Amino acid sequence: MKLVRDARTLKAKSISSLKTAMNAFNSYDDDGRITMVLMNLQHACEMLLKAVLSQRKVKVFDKGTGKSIGFERCLGLCVAHHQLSADEAGIMRAIDALRDAAQHWYVFVSEDLLYLQTRALITAYDAYLQRMLESDLRSHIPPRVLPISTLPPGDFEFLVDREFNYVNELLKPGRRARDEARARIRTMLAMEAIVTDEVEISERDIDRIEKAMRGDADFSAVFPRLATVGTNLQGEGLNLTVHFTKKQGAPVQYIGGDDPAAAAAVREVDLRRKFHLQAHPLAVKVGLSPPRSKVLRQHLGIDNDASCSHLFEFGAQKIRCFSDNAVTRMKEALHQIDMDQLWADRPR
């Protein structure tokens, strides 16, 4: 495939960052190693996504700010329109969440979990590179320099359960290892991005998890999302491929960002941030008058869709707000239905 200039440049930057990550992973020096690996893996992913978008002639600069769009926006576009699978997006998002935590505070990632996630990222990266840019990693990086480990690859479920038990040990009275325990909790929270696109890590979440673990809550209650993640390992050594898979787990209990409850550490991203549009701003974004917007919402069942709408209660006042999912669904519907006919047929 002949690449356009920007795609060619971005692909080269992506491969360069991947090489740097591999050098850091296989380095004998542990000082700053995990942060170096995570930062360069995330940058490699973002540059690959932007290379694909540039090749497909998608604008990667925001009209308002004049700056290039961020990782999450790139990921969303590639999932929606450019053949990035949910599993591939999940591991990229998890690496991004770990990188964010490592760059802006600190995390502690066990060696076998780091290896498993790095191999999973390499698997997803190579598959997407081949599918969208008709190239492969072997053309750029010898397999001998891909991440290697003296430890046999473990099952993800076993590894996170072991990590959970170890954090419990660190939190026992007299250990004086609370900082390390919280750093490991932060890592497990970041790994939830494998199965959800709405993970944020706050100190309130970590406080809640710590409290739950001190109260002897079990793993599936504290990390119900991680309990739904499995792994599919194929090959071995340098040829190992890792795919994260989603299996059926216990129902996830979502709690608000300010909920002091100790059980169920998983929460939705702050609801006011997710559902940030009232009815009139929603209509403006969709390009309809408020009455027509309401008719379209009713036709699509937007108000009853938990991913699109939430009813906030402030005392006696109730205000229905909407997410970006509502905007997307309504805009897509406008290309498929006759809005004038829908308006004419509305109940009177």
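Remember, it's a predicted structure, so these values are computed and weren't measured experimentally.

1. Observations concerning the pattern of salt bridges
This structure, assessed with the given rule, holds 22 salt bridges. We note a salt bridge from Arg184 to Glu163, for which the minimum N-O separation is 2.6 Å. Placement of Arg184 in helix H7 (residues 178-191) and of Glu163 in helix H6 (residues 156-170) is noted, with a sequence separation of 21 residues between them. Each of the two residues, Arg184 as well as Glu163, counts as buried. Two residues, Asp303 and Arg320, come together in a salt bridge whose shortest N-O distance is 4.0 Å. With a gap of 17 residues between them, Asp303 in the loop between helix H12 (290-300) and strand S3 (309-314) and Arg320 in strand S4 (residues 317-322) connect regions that are remote in the sequence. Classification of Asp303 by relative accessible area gives partly exposed; the value is 25%. Residue Arg320 is classed as partly exposed on the basis of its relative accessible area, which comes to 28%. The network of salt bridges with shared partners includes Arg178, Arg182, Arg186, Glu203, Asp207, Glu210 and Arg214.

2. Re the nonpolar core
Core analysis: the largest hydrophobic core is formed by 84 residues, its most contacted members being Leu49, Tyr125, Phe156 and Phe223. Top contributing element to this core by residue count: helix H5 (residues 111-133), with 13 residues. When neighbours within four sequence positions are excluded, Phe223 is seen to be in contact with Phe164, Ile185, Met188, Leu189, Glu192 and Ile209. If you look at the next biggest cluster of nonpolar residues, it comprises 15 residues, including Val295, Ile302, Ala326 and Val327.

3. Some points on the side chain of Ser17
Tracing the chain through its elements places Ser17 in helix H1 (residues 5-25). If sequence neighbours within four positions are ignored, Ser17 has contacts with Asn40, His43 and Ala44.

4. So, the layout of surface pockets
What the largest pocket holds in volume is close to 1700 Å³. Every element with two or more residues in the lining of the largest pocket is listed here: helix H3 (71-81), helix H4 (86-104), helix H8 (203-214), helix H10 (271-274) and helix H13 (324-334). Residue contributions to the lining of the largest pocket peak at nine residues, all from H3. Considering only residue class, the lining of the largest pocket consists of 16 nonpolar, 10 polar and 17 charged.

5. Describing H13
Ala326, Val327, Met330 and Ala333 are the residues of H13 that are buried. All buried residues of H13 project into a common sector of 135 degrees when viewed along the axis, lining one side. In this fold, the buried residues of H13 make contact with helix H11 (279-286), H12 and S4. The opening residue of H13, the one whose side-chain oxygen lies 3.2 Å from the backbone nitrogen of Asn325, is Ser323.

6. Re the confidence of the model for the protein
Looking at the protein, pLDDT values average 86 and 89% of them are 70 or higher. Averaged pLDDT values over the elements of the protein bottom out at 73 in H10 and peak at 97 in helix H2 (residues 33-55). Considering only residues more than four positions removed or in separate chains, one finds that residues 249-269, a stretch of pLDDT under 50, has 53 contacts.

7. Some remarks on the environment of Glu72
Considering the arrangement of structural elements, one finds Glu72 in helix H3. Separated by 21 residues in sequence, Glu72 and Arg93 have C-alpha atoms that sit 8.0 Å apart. Leave out the neighbours within four places in its chain, and Glu72 touches Arg93 and Asp96.

8. Topic: unusual backbone geometry
Even without being glycine, Gln83 reaches a positive phi, approximately 65 degrees. Positionally, Gln83 belongs in the loop between H3 and H4. Classification of Gln83 by relative accessible area gives partly exposed; the value is 46%. In the Ramachandran plot, Glu134 falls in the positive-phi region, its phi being about 55 degrees despite a non-glycine side chain. Summarising the element assignment, Glu134 is placed in the loop between H5 and H6. Of the residues examined, Glu134 reaches a relative accessible area of 56% and is grouped as exposed.

About the cut-offs
Residues numbered from 1 in each chain as written. Predicted model: local features only at pLDDT ≥ 70, side-chain atom pairs only at ≥ 80, totals over all residues. Heavy atoms only, no water. Salt bridge = Lys/Arg side-chain N within 4 Å of Asp/Glu carboxyl O. Helix = DSSP H or I, 4+ residues; strand = E, 2+ residues; numbered from the N terminus. Buried < 20%, exposed > 50% of the residue type's maximum accessible area, 1.4 Å probe, protein only. Core = buried A, V, L, I, M, F, W, Y, C linked by side-chain atoms within 4.5 Å. Contact = heavy atoms within 4.5 Å. 1 Å grid on protein atoms, 1.4 Å probe; cavity = no way out; pocket = protein on both sides within 12 Å on 5 of 7 lines; lining within 4 Å. Points joined across faces, edges and corners; volume = space filled by probe spheres on them. Nonpolar A, V, L, I, M, F, W, Y, C, P; charged D, E, K, R; others polar. Arc of directions from axis to C-beta. Polar contact = N/O pair within 3.5 Å; in protein donor to acceptor, adjacent residues only side chain to side chain. pLDDT = per-residue confidence, 0-100.

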